[in-house]
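Examination of the molecular architecture
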Amino acid sequence: MNGYLDESDFRMVEEGFTTRDLLENLLVELCQTAEIAQVRSIGVPADKIFYSNPCKQVAHIKYAASHGVQLMTFDNEVELNKVARSHPRARMLLGIAADFSPSPLPSVTFGATLTSCRHLLEMAKEQAVEVVGISFHLGSHCLDPQAFAQSVAKAQLAFEMGTELGYRMHILDIGGGFPGPEDTRARFEETAAVINSALDLYFPEGCGVEVVARPGRYYVTSAFTFAASITTKEEVPPGQPGPEEEESGSKKSIVYHLSDGIYGSFNCVLFDSPCPRPLLHKKPCPDHPSYSSSLRGPPGHAEDRIADGLELPELQVGDWLIFKDMGAYTITTSSPLGGCPQPQINYAMSRVAWEAVQLFQGKPPQAEEDRESVCTPLSCGWEIAETLCVPPVFTPTGII
Ligand SMILES: Cc1ncc(COP(=O)(O)O)c(C=O)c1O
C-alpha cells in the first residue's frame, strides 16, 4: 500500500467514535465555511454584511448570530421560523415577488405575494422578529427596466403594511439583475434612470429610506475572457444530416469539440444565456470560405451542445476560440464532474491600477527600484483576432 495511502488522507478518530460523532464535528466545521466567513475574512465588518440568501441553512444563521451579522431576508414562514429560533436579534427584510419578470432567469420561486405579505408581517410580529424593510430580486439578467419600476411601487405598498403594524421600515433592497457586458452600458443607464424615477415617486428624498442593491453580473461579467481550444473536429459532408439534424446543404458543415463544455464553463447555456459569440484567435484569410459550424464540449456527451449554426472559416485542431464576458455564471459555476479540466485563471492588472489598489489599502507607494523592470505587455483575445498574427500573450490554458 506504500505510496497509495497517507495518514493525512484520514481523520484519526478514537476507538468507539461513531459516524454520528464524526458528522457532528464535520457539521460544526461546515458552519465555519459559510459565505459569511469568507466576506469577514476580507475585512468587511459584520454590520455591513447582508445575508440575502433566500434559503438559509440553520447552521449558517447561527454562525451569523454569533458573529453579529444581523441583516437577512425572508419570504415565507419556514424561513421566518428558522431565523426567529436561531437568531432573535436578526433584522429582517421581507422579500416580495415581482408581478412578472422578463428575465430569462426569473426569481419565480422567491418572494412573497402582496396578499401574503400582511400575514408574514403579522407572524413576524408574533415571534418578535424585527422587520426593517422590503427586498426584491427580479432574476438575473433582467431585460425590462419597467419591471424594476413596478417592483418599487409594490415595495411601497409592503412598506405601508409594515408601518401600519408598527415596524420602523427603513431599508429598500432592489436586488440584482443589472446587465453586465460592456456593450450593455446604455441599457444599464436606461434601467438606472427608470429606477431613479420610481424611487423619486415612491420613496422620495428625505423619506428616511436607505436604498441598497445586490448587483452580481453587473460587476463581474466583463471581467473575464475565456479561451478554449479545439480538441477534435468532425466534418459533415454536403447533403448529410448535420449536427442540428438538418441536411448540411451544398457545403460541408463542421463540428468542433472544445476543451470545455456545458458542464464546465459553458454552463450558462443550460441555466442562463446562450454561449457568447466566439472570436478567432488567428485571423482568417479573407478569401477562405466559411462553413456552418457547431461547438460541442469534450467528446463523450452527446448532449453537450455549446452552440450551433455559427458561420466560421475552417479551423484546425489546436486553434483557440476566444469568448468575451465569461465572468458571471460561467467559470464560477462550472463543475469538474463533467470531465472538463477546471480552467486556469490568470489575473492581469496594469501597474497604475495596482498602485491605486495599494493606496486604497493604505500601503505606501512602492519605491522605483523595487518594481519589476519589465511589465508584460498585455493584449486581449479580441484584439488579437483583429491584429493578425500577434503571438498569444496568455498561456495555453483557460481564462485570461
Ligand atoms: C439572492 C440573489 N441576489 C442577488 C443576485 C445577483 O443577481 P445578478 O447577478 O443578476 O445581479 C442573485 C443571483 O443569483 C441572487 O440569487
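In this convention, every chain numbers its residues from 1, walking through the sequence in written order. Confidence filtering applies because this is a predicted model: local features only for residues at pLDDT of at least 70, side-chain atom pairs given and counted only at 80 or more, and all residues used for totals across whole chains, interfaces and linings.

An unreviewed UniProt entry lists the protein chain under the name Antizyme inhibitor 2, with Apteryx mantelli as the source organism. UniProt positions are given in the numbering used here, feature names are shortened, and annotations may be inferred rather than shown by experiment. Quoted verbatim from the Cofactor (unreviewed entry) heading of the UniProt record, the comment on the protein chain is "pyridoxal 5'-phosphate". Turning to the protein chain, the UniProt annotation filed under Sequence similarities (unreviewed entry) states: "Belongs to the Orn/Lys/Arg decarboxylase class-II family. ODC antizyme inhibitor subfamily."

1. Points about the overall build of the protein chain
Helix and strand assignments follow DSSP, with helices taken as H or I runs no shorter than four residues and strands as E runs no shorter than two, numbered in order from the N terminus. From N to C terminus, the protein chain includes eleven helices and 14 strands. Within the span of the protein chain, comprising 400 residues, buried residues form 33% of the whole. The contact criterion used here is simple: two residues whose C-beta atoms, placed from the backbone, lie within 7 Å are in contact. Long-range contacts, defined as pairs at least 24 residues apart, comprise 72% of the intrachain contacts of the protein chain with a sequence gap of at least 6. Residues are called buried when their C-beta atom has 20 or more other C-beta atoms within 10 Å, exposed when it has 12 or fewer, and partly exposed otherwise; all C-beta atoms are positioned from the backbone.

2. Concerning unusual backbone geometry
Although it is not a glycine, Ala128 sits at a positive phi angle of roughly 55°. Here Ala128 shows up in the loop between α5 (114-126) and β5 (130-135). For Ala128, a count of 8 C-beta atoms within 10 Å gives the class exposed. The backbone phi angle of Asp325 is positive, close to 55°, even though this residue is not glycine. Looking at the element boundaries, Asp325 is found in the loop between β14 (320-323) and α10 (351-360).

3. With respect to the sheet that holds strand β8 (residues 210-212)
Sheet strands associate in pairs through backbone hydrogen bonding, adopting either a parallel or an antiparallel arrangement. Only strands that DSSP links by at least two bridges are regarded as paired with each other. Here six strands make up an open sheet; going across it, the order is β1-β2-β3-β5-β7-β8 and the pairing parallel. Each end of this open sheet is capped by a strand with a single partner; those strands are β1 (50-51) and β8. Sheet analysis places strand β7 (residues 171-173) next to β8, joined by three bridges and oriented parallel. Note on β8: the bridge partner recorded for Leu172 is Val211. To get an axis, fit a line to the C-alpha atoms, keeping to the stretch in contact for a helix; angles then go from 0 to 180 degrees between the N-to-C directions. On top of the sheet, helix α6 (residues 145-164) reaches β3 (91-95), β5 and β7; it is set at about 170° to β5, its chief contact.

4. Describing the packing of helix α3 (residues 58-66) against helix α4 (residues 77-86)
Where α3 contacts α4, the axes come no closer than 9 Å and their chain directions differ by 45°. The orientation of α3 relative to α4 falls into the category oblique. In this structure, α3 meets α4 at a crossing whose hand is right-handed. When α3 is examined against α4, the residues Val58, Ile61, Lys62 and Ala65 are found in contact with a partner set consisting of Lys82, Val83 and Ser86. The labels follow the angle: roughly parallel below 35 degrees, roughly antiparallel above 145, roughly perpendicular from 65 to 115, and oblique for the rest. Two helices cross in a left-handed way if the nearer one is turned anticlockwise from the farther one by less than a right angle. They cross in a right-handed way if the turn is clockwise.

5. Focus on the sheet that holds β14
Taking strand neighbours across the sheet as the criterion, the six strands line up as β11-β14-β9-β10-β12-β13 in an open arrangement whose pairing is mixed. At either end of the open sheet lies a strand with only one pairing partner, and these are β11 (279-280) and β13 (305-313). Summarising the sheet, strand β9 (residues 226-236) and β14 pair through four bridges and their orientation is antiparallel. Considered in β14, the bridge of Phe226 is made with Phe323.

6. Overview of the packing of α6 against helix α7 (residues 185-202)
At a minimum axis distance of 8 Å, the contact between α6 and α7 shows a crossing angle of 20°. Classed by the angle they form, the pair α6 and α7 counts as roughly parallel. Note that α6 runs across α7; the crossing there is right-handed. Between α6 and α7, the contacting residues are Pro145, Gln146, Phe148, Ala149, Val152, Ala153 and Gln156 on the first element and Glu190, Thr191, Val194, Ile195, Ala198, Leu199 and Tyr202 on the second. Counted by class, the contact of α6 with α7 contains ten nonpolar, three polar and one charged residues. Only Asp, Glu, Lys and Arg are considered charged in this grouping, and only Ala, Val, Leu, Ile, Met, Phe, Trp, Tyr, Cys and Pro are considered nonpolar; every other residue, Gly among them, is considered polar.

7. So, the nonpolar core
Core analysis: the largest hydrophobic core is formed by 42 residues, its most contacted members being Val83, Met92, Leu94, Ile96, Ile134 and Ala155. Counting residues per element, the ones that place at least two in this core are α3, β2 (71-74), α4, β3, α5, β5, α6 and α7. Other than its neighbours up to four places away in sequence, Ala155 contacts Ile96, Ile134, Phe136 and Leu172. Judged by nonpolar contacts, the second largest core, of 25 residues, contains Ile254, Tyr256, Cys268 and Trp320. Each nonpolar core comprises buried Ala, Val, Leu, Ile, Met, Phe, Trp, Tyr and Cys residues, the members being joined through C-beta atoms within 7 Å.

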